[in-house]
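# Summary of structural features
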Amino acid sequence: MKNRQAPARPAIRPAATSRRPAMKKAAQPAADPRFPHGPLAVLDGDGCAYGVDGIVLDCPATTVVELVEWTLRESGLGAQRLHRNGKDSDPLIVLTAAAAVRLGLPERLEGHEQRRSLRLPEDHPVVKQVVKAKWQLTQRGFGPWARIYRKAQGRERQCVQLAILSWDALDERSWPGVSEMEPADVARVLGVYAQRVITPRGSTAVSGLELMTALRPPTRAVQDPQTGNWVPGHNPGSLGTEPMDPAPPEATPEHPVVVESGWSGGFLNEEAYQWVRDVSLLNDEECTLPYAVGLDLNTAFLAAAARLVVGLSAPDHFHAPKFNPKIPGSWLVDLSHVEVDPRLPSPFTPDGTRPTEPAWYQTHTVAYAQELGYNVQPLEAYLRRETGAYLDPWHDRLKAAYVDTLADLGVTKDLSEAEFLAAMERHKDTDPALAAVLAAIKATVKGGIGKLRERPQGRKYQEGERWPALQRPTWRPDIRAAVISKARINMHRKLRNMATMTGLYPLAVLSDCVVYPSPGDSPLDFLPYAASGKPQPGGFRLGPTPGLAKLEGVQSMLWAVDLMEQGLNPARHIKGGDAVLDEGE
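Rules used in this analysis
Every chain is numbered independently, its residues counted from 1 as its sequence is written. Only residues with pLDDT of at least 70 are given local features in this predicted model, and only at 80 or more are side-chain atom pairs given and counted; all residues enter the totals for whole chains, interfaces and linings. Water and hydrogen atoms play no part in the side-chain values, which are based on all heavy atoms of the structure. In this text, helices come from DSSP runs of H or I with a minimum length of four residues, and strands from runs of E with a minimum of two, each type numbered from the N-terminal end. The atom set for the radius of gyration is the C-alpha atoms, and the globule formula is 2.2 Å times the number of residues raised to the power 0.38. Each residue gets one of three labels from its accessible area relative to the maximum for its type: buried under 20%, exposed over 50%, partly exposed in between, using a 1.4 Å probe on protein chains only. Every residue pair with non-hydrogen atoms within 4.5 Å of one another is taken to be in contact. Accessibility throughout is a Shrake-Rupley quantity obtained with a 1.4 Å probe, and a residue counts as covered only by protein chains that appear here. Two strands pair under a simple rule: DSSP has to find at least two bridges between them. A fitted line through C-alpha atoms serves as each axis, taken over the contacting stretch for helices, and the angle formed by two N-to-C directions is quoted from 0 to 180°. Side-chain rings of Phe, Tyr and Trp, where Trp is taken by its six-membered ring, are said to pair if the distance between their centres is within 6.5 Å; with planes under 30 degrees apart they count as stacked, over 60 as edge-to-face, and otherwise as tilted. By this rule the span expected of a helix is its residue count minus one, scaled by 1.5 Å. In this scheme, roughly parallel covers angles under 35 degrees and roughly antiparallel covers those over 145, while 65 to 115 is roughly perpendicular and the rest are oblique. Residues are grouped as follows: Ala, Val, Leu, Ile, Met, Phe, Trp, Tyr, Cys and Pro are nonpolar; Asp, Glu, Lys and Arg are charged; every other residue, Gly included, is polar. The criterion is simple. A nonpolar core is a set of buried Ala, Val, Leu, Ile, Met, Phe, Trp, Tyr and Cys residues joined through side-chain atoms within 4.5 Å. In this scheme the crossing of two helices becomes right-handed for a clockwise turn of the near helix relative to the far one and left-handed for an anticlockwise turn of less than a right angle. Two cysteine sulfurs form a disulfide in these notes if their separation is within 2.5 Å.

### Details of the overall build of the protein
Each helix and strand counted, the protein has 15 helices and 21 strands in total. On C-alpha atoms alone, the protein measures out to a radius of gyration of 26 Å, which is about the 25 Å that the 2.2 N^0.38 rule sets for 585 residues. Looking at the 585 residues of the protein, the share that counts as buried comes to 53%. Looking at the protein alone, contacts between residues at least 24 apart form 72% of all its contacts between residues at least 6 apart. For the protein, the exposed area adds up to about 26,400 Å²; of that, 50% sits on carbon and sulfur atoms.

### Thoughts on the sheet that holds strand β17 (residues 380-384)
Read across the open sheet, the four strands follow the order β14-β17-β15-β16; overall the sheet is antiparallel. A single partner strand is all that each edge strand has here, and the edge strands are β14 (315-319) and β16 (359-362). Taken pair by pair, the neighbouring strands of this sheet meet at an average axis angle of 25°, ignoring direction. Looking at chain direction, strand β15 (residues 329-333) and β16 are connected through four bridges and run antiparallel. Counterpart to Ser330 in the pairing with β16 is Gln362. Against the sheet, helix α9 (residues 363-371) makes contact with β15 and β16, and its axis sits at roughly 95° relative to β16, the strand it touches most.

### So, the packing of aromatic side chains
Tallying each qualifying case throughout the model produces eleven aromatic pairs. Plain terms: the ring middles of Tyr516 and Phe540 are 6.1 Å apart, the flat faces sit at 70° to each other, and that makes the pair edge-to-face. In this pair, Tyr516 is assigned in strand β20 (residues 513-518) and Phe540 in the loop between β20 and β21 (549-556), connecting sequence segments 24 residues apart. Like Tyr516, the residue Phe540 is buried in the burial classification.

### Quick word on helix α4 (residues 183-196)
Here α4 is 14 residues long and its end C-alpha atoms lie 20 Å apart, about the 20 Å a rise of 1.5 Å per residue gives. Judged by how many residues are buried, α4 sits mostly within the fold: 13 of 14 residues are covered.

### So, the packing of helix α5 (residues 204-215) against helix α12 (residues 432-451)
The contact between α5 and α12 brings their axes to 7 Å, and the two run at 70°. Between α5 and α12, the angle falls in the class roughly perpendicular. Only Ala440, Ala443, Thr444, Gly447, Gly448, Ile449 and Lys451 of α12 make contact with α5, whose side of the interface consists of Thr204, Ala205, Val206, Ser207, Gly208, Leu209 and Met212. Across the contact of α5 with α12, the residue classes tally to seven nonpolar, six polar and one charged.

### Section: the sheet that holds strand β12 (residues 291-297)
One open sheet holds the five strands; their spatial order is β11-β19-β20-β12-β21, and the pairing between them is antiparallel. Unpaired on one side and paired on the other, β11 (274-276) and β21 mark the two borders of the sheet. The mean inter-strand angle of the sheet, taken between neighbouring strand axes irrespective of direction, is 20°.

### Quick notes on the nonpolar core
Soluble, globular proteins show a tendency: their nonpolar side chains are buried together. In terms of nonpolar packing, the biggest core is built from 88 residues, with Leu391, Trp394 and Phe540 touching the most fellow members. Not counting residues up to four positions away in its chain, the partners in contact with Trp394 are Gly208, Leu211, Met212, Leu215, Leu302, Ala305, Thr444, Val445 and Ile449. Leu43, Ile93, Val126 and Ile164 belong to the second largest nonpolar core, which has 33 residues in total.

### Considerations on the packing of helix α10 (residues 392-408) against α12
The interhelical angle for the contact between α10 and α12, taken along N-to-C directions, is 155°, at an axis separation of 9 Å. The orientation of α10 relative to α12 falls into the category roughly antiparallel. Here α10 runs over α12; the crossing is left-handed. Together, Trp394, Leu398, Ala401, Tyr402, Thr405, Leu406 and Asp408 of α10 and Leu434, Val437, Leu438, Ile441, Lys442, Thr444, Val445 and Ile449 of α12 make up the contact between the two elements. The residue makeup of the contact of α10 with α12, split by class, is eleven nonpolar, two polar and two charged.

### Details of the environment of Leu568
As for its position among the elements, Leu568 is in the loop between α14 (557-565) and α15 (570-573). A residue is classified by how much of its surface remains accessible, and Leu568, at 34% relative accessible area, is partly exposed. Measuring from C-alpha to C-alpha, the distance between Leu568 and Pro225 comes to 65 Å, with 343 residues separating the pair along the chain. With residues near it in sequence (within four places) discarded, Leu568 still touches Val276 and Leu563.

### Digging into the state of the cysteines
A full pass over the atoms with the stated rule returns zero disulfides. Cysteine Cys513 remains unbridged, with the sulfur of Cys287 as its closest cysteine sulfur at 20 Å.

### Regarding the pairing of strand β2 (residues 40-43)
Here β2 shows no split at all, with Leu40 and Val42 on one side and Ala41 and Leu43 on the other all buried. Sheet analysis places β2 next to strand β3 (residues 48-50), joined by two bridges and oriented antiparallel. When the sheet's bridge partners are listed, Val42 is paired in β3 with Tyr50. The loop that links β2 with its antiparallel partner β3 comprises four residues; one of these, Gly47, has a positive phi angle of about 85°.

Everything listed here is a matter of geometry and, on its own, says nothing about what the molecule does.
See the structure below:
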């Protein structure tokens, strides 16, 4: 392999036969000549560094400092920027347990806290070595995801990201089964994710947030009219470089904006649905149907992020404003007069109960009351004058990643609905590595949206103190509220259309999952179709793209009614086990 760019070419080994380098490859973009060996490598205890496309590099490093210097000078690892005003991705080295021990690190991190928040103590020999060699660690210290850097000199990158598998760097819920894979397969999973999403820099939630900034960099080069020099200036459409305080109703109760002002005017409660229909509202016909069928909307938050206009500037306070559905913000308005069929959840509250007094709502929620034909008269509002579709490039990249990865697993757009259901039933067994990539993409969507309103962590936190997340321009609870509000309204619109077209009402909703009574054990037995056989517009449709539905699970109607009588949510359990409420947290 030729590599004229790298100053010293590392030895490349043929992949050992005992390591099962992974199966079919995703389509690759043209390689960046500065990074001939891809974005990352997985280092094992024998000095083999497994990269993408089955490449194996020889890494002679026996200390963390040597590893950092080898990575920057010889490895040929890294990835080019996702936006011309952004930055290249730093190389990622993933350490197996054996590699960690070889470099002088403990095999496991032990302590009372959750493992992902554990760190090596500052007096650990490896931390001392790093500092002595004039390298720095970020404020997160040396934990499962460690960033080791020096201030950049000119355009020279001086940063390496480490991820330590045996310290639970790859959370099992986001990366199912990946920690147990062979190094070559770990490299393949992370390599496909890096190519389609971003080189991981932490949890999938952190990567989701990093992707927003990578695709909408805060600055761009502008010419100083006085000196003629190029200097960093604001990049229009981005969130800029400075953090911004939310309006009091958009904040969390412990936020300084609330505590210091003594705010007691209530808060936005734009959360995902968690609703169960009252058992007394079931009719005899529904109770005699044999099945309860759960439908799940693919990446509902991602679908809601499409073409979503959000505020980019600080909020301004208005009294008795005229409602405008095109202005993003938070409105204090009384929606208790809006009539909704009791067999459906209220569109305005997460638990589906009808509001009883004025409350704060995001623009999409108020606009829906207007869409239903009701007059809305806000009492107050916090609105933003500068607006834009900030999440559009994020949505487009993650949608392509999701659809392409599903297609690689045999779930393509050209399948009939029956073929789609059959392909979804077996897609996880087709290729466990790509199934793990798909799980990570979904977790990136949810986690990225949740990080927009990251709450304080740690026992020492005191109400009213600023916590680290507030220093980020991406701490934007109003944007999270806009996504979740739109997702919930999208769900309600479908529920209402289904009732109009089919007379069917849901038994329960949990975030993006809805359970319907059904005469058969398939969604095809109750979804609405035109005489031509095409799905009716406005209801739930089966398919592989964000916002379309897939089968979540099937149980007996008796099972569902029994749960409802106990006050439990069938949508939480229809898959078997306990679904995690998907709040974007």
